[in-house]
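Overview (structure and organization)
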Amino acid sequence: PMRRRDFLKQSSLAAAGAAAARPDWSAFSQNPTVRLGFIGVGLRGRSHLEQVLYRPDVTVTALADVDPDALRQSNEMIRKSGRKDAAVYSGERDFEKLVLRKDVDAVIVSTPWEWHAPMALAAMKAGKYTGLEVPAVLTLKEAWELVETHEKTGTHLMLLENVCYRRDVMAVLNMVRQGLFGEMLYAHCGYQHDLRPVKFNDGKQPYGGGAEVGPQGMSEARWRTAHSVNRNGDLYPTHGIGPVAEWLNINRGNRFTALASMATKSRGLHKYIVENGGENHPNAKVTFKLGDIVTTSIQCQNGENVVIVHDTNSPRPYSLGFRAQGTKGIWMDDGDQIYLEKTSPKHDQWEPFAPYQAKYDHPLWRKFEKDAENAGHGGMDFFVVRAFVESVKRKWPPPIDVYDAVAWSAVSALSEESVRKGGALVEFPDFTKGKWSSRQPVFALGEEY
């Protein structure tokens, strides 16, 4: 059989010249069928389920969720795709039964954050290739447990960080790899998203809102808001730090070495409760630890700096605030603008990024654009699910592996520690135990990824 490095080289070259035509999906049906189990089939889980049901090489054999209605809706989707109902598990710990099934090759976990690590550990110990929603872990202890379980069992875990496949950041990745920004110096990213209607959701409005949380709340308000009550730090870093880590070859010739975080005072969530539920609403008495804006700085082994901003309690438009900057130029997501020295037409003036994105569009997007049209989050979900399934079929390490999952997610625990210490610099663990210096980049370097 062809060696993996030869396949990567040949498929990368083939992808570079591929036309933006719909691929022949019949080819996939000739490959082994992947038997998937889903742990968590709420809104996010069903979004992943929708994507795998488009594929003729996937069978969904089992579902686990504590919500019977979510299980019902999921099996309706499966039947509409022409497949048989999946087995269902509805108990809180029934995921432990699902991962032991012999007709499950791999699992996708899309549950509240506190369940991510325990469920992934159970799946990996059962020998199931695991696709895990973000963040992977909440504590450093969980991070080391995932690493040690992978190294002990050989079972792979892929973090399902879809923003790594966002079209513009992949074009920037292409440009970084071709040296258009020169030597990389700095990156900026974050999660700047008004989540107040998510954190407080009474179910009376289509997009959330109100002042209800916990058992009285709907959807993510039942669990996500509790993290804002009990924690202060960057609670959701991977959408930003994931793409940046690929630009900077983190865990593959580079690594994060130290981190410092500072948080503003907390005002936004209380203000939102009062405005939507009144000053006498019971939740108006809740004290929130999470600062409205948390800023984190990370040092890298090769001399780059990264700044991450977490801002989910404020009235603001959505932005991940990307910025890629090197010795030859800079790209900024906000404003969608670029400046390249000796390339941009006017000195010291921005120009639109759109022509560059078209020119340096990543080969994966050029090849699979049509297939990604109906996928969630602007097509990103198609690519992340595709990468997971293709990795399972080939029995290969995934493009976003366990070391990436824990490093990107550990930003949360480390930033909480730094905030507690008044913004002190804290050491970033080397989860690869030194292997970062010899590991090679793999993300988006082969047709399957």
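Provided above is the structure to which this section pertains.
In this report, we go over the structure that sits alongside the text. (Residues numbered from 1 in each chain as written. Predicted model: local features only at pLDDT ≥ 70, side-chain atom pairs only at ≥ 80, totals over all residues. Heavy atoms only, no water.)

Some words on the overall build of the protein
From N to C terminus, the protein includes 16 helices and 15 strands. Its C-alpha atoms put the protein at 65 × 60 × 40 Å along the principal axes. By the burial criterion, 57% of the 449 residues in the protein qualify as buried. Across the protein, every contact between residues at least 6 apart in sequence was considered, and the portion connecting residues at least 24 apart equals 73%. As presented, the protein carries roughly 19,200 Å² of accessible surface, and 51% of it is formed by carbon and sulfur atoms. (Helix = DSSP H or I, 4+ residues; strand = E, 2+ residues; numbered from the N terminus. Buried < 20%, exposed > 50% of the residue type's maximum accessible area, 1.4 Å probe, protein only. Contact = heavy atoms within 4.5 Å. Areas by Shrake-Rupley, 256 points an atom, 1.4 Å probe, with all protein chains shown as cover.)

Section: helix α3 (residues 43–53)
Where burial is concerned, most of α3 is hidden: eight out of the eleven residues are buried. Within the sequence span of α3, burial applies to Gly-45, Arg-46, Ser-47, His-48, Leu-49, Gln-51, Val-52 and Leu-53. Tucked inside the fold, the buried residues of α3 contact β1 (34–39), β2 (58–64), α4 (68–80), β4 (106–109) and α15 (380–394).

Brief notes about the packing of aromatic side chains
Here the structure, examined in full by the defined rule, presents 17 aromatic pairs. Relative to Phe-431, the ring of Trp-144 lies with its centre 4.9 Å away and its plane at 50°, an arrangement referred to as tilted. A residue pair is termed long-range when its members are at least 10 positions apart, and Trp-144 in helix α7 (residues 140–153) and Phe-431 in the segment after β15 (426–427) qualify at 287 residues. You can call Trp-144 partly exposed: its relative accessible area is 26%. By relative accessible area, Phe-431 is classed as buried at 3%. Every member of this aromatic cluster is reached through a ring pair, and the members are Tyr-165, Trp-365, Phe-368, Phe-382, Phe-383 and Phe-443. (Phe/Tyr/Trp six-rings, centres within 6.5 Å; stacked < 30°, edge-to-face > 60°.)

Things to note about the nonpolar core
The nonpolar side chains of soluble globular proteins are, as a tendency, buried together. Of all hydrophobic cores here, the largest spans 119 residues; its most connected members are Leu-146, Tyr-165, Trp-247, Val-306, Trp-331 and Phe-388. Val-306 has contacts with Ala-187, Cys-189, Ile-241, Val-244, Leu-248, Thr-296, Ser-297, Ile-298 and Cys-300, leaving out every residue within four places of it along the chain. Membership of the second largest hydrophobic core comes to eight residues, among which are Phe-200, Ala-211, Ile-273 and Ala-284. (Core = buried A, V, L, I, M, F, W, Y, C linked by side-chain atoms within 4.5 Å.)

A short note on the packing of α3 against α4
Closest axis-to-axis distance for the α3/α4 pair is 10 Å, and the angle between their directions is 15°. One finds that α3 runs roughly parallel with respect to α4. Crossing angle aside, the handedness with which α3 passes α4 is right-handed. The segment α3 lies against α4, with Arg-46, Leu-49, Glu-50 and Leu-53 engaging Ala-70, Gln-73, Ser-74, Met-77 and Ile-78. Among the residues forming the contact of α3 with α4, the class breakdown is five nonpolar, two polar and two charged. (Axes fitted to C-alpha atoms, helices over the stretch in contact; angles between N-to-C directions. Parallel < 35°, antiparallel > 145°, perpendicular 65-115°, else oblique. Left-handed = near helix turned anticlockwise from the far one by under 90°. Nonpolar A, V, L, I, M, F, W, Y, C, P; charged D, E, K, R; others polar.)

Brief notes about the pairing of β1
With five of its six residues buried, β1 lies for the most part within the structure. Here β1 runs beside β2; their pairing, made up of six bridges, is parallel. Residue pairing across strands places Ile-39 opposite Ala-64, the latter belonging to β2. In the sheet, β1 pairs with β4 via four bridges, with the strands oriented parallel. When the sheet's bridge partners are listed, Gly-37 is paired in β4 with Val-107. (Pairing = 2+ DSSP bridges.)

With respect to helix α11 (residues 238–247)
With ten of ten residues buried, α11 is to be regarded as a mostly interior element. Every buried residue belonging to α11 is among Thr-238, His-239, Gly-240, Ile-241, Gly-242, Pro-243, Val-244, Ala-245, Glu-246 and Trp-247, and all of these are buried. Positioned one or two residues after α11, Asn-249 has a phi angle of 60°, which is positive.

Details of the pattern of salt bridges
For the structure on display, the rule yields 31 salt bridges. Among the ionic pairs, Arg-79 bridges to Asp-85, the shortest N-O distance being 2.8 Å. Across the pair Glu-275 and Lys-271 runs a salt bridge, and its minimum N-O distance is 2.7 Å. Here Glu-275 and its partner Lys-271 are both found in helix α12 (residues 268–277), four residues apart, which amounts to about one turn of the helix. Several salt bridges converge on common partners, so that one network encompasses Arg-55, Asp-57, Glu-390, Lys-393 and Arg-394. (Salt bridge = Lys/Arg side-chain N within 4 Å of Asp/Glu carboxyl O.)

Some words on the sheet that holds strand β11 (residues 323–326)
Sheet architecture is open: nine strands sit in the order β14-β13-β12-β11-β7-β10-β9-β8-β15, paired in mixed fashion. At either end of the open sheet lies a strand with only one pairing partner, and these are β14 (351–352) and β15. Two elements, strand β12 (residues 329–332) and strand β13 (residues 337–340), share four bridges in a ladder whose sense is antiparallel. Residue Met-332 lies in a different strand from β13, and its bridge partner there is Gln-337.

Some points on the sheet that holds β4
Here six strands make up an open sheet; going across it, the order is β3-β2-β1-β4-β5-β6 and the pairing parallel. In the strand order of this sheet, the two ends are held by β3 (87–89) and β6 (157–159), each with one partner. Ignoring which end each strand starts from, the neighbouring axes of this sheet average 25° apart. Here three bridges tie strand β5 (residues 129–132) to β6, and the two strands are oriented parallel to one another. Across the sheet, Gly-131 pairs through a bridge with Met-158, a residue of β6. Of the strands in this sheet, β1, β2, β4, β5 and β6 touch α15, which is tilted by about 170° from β5.

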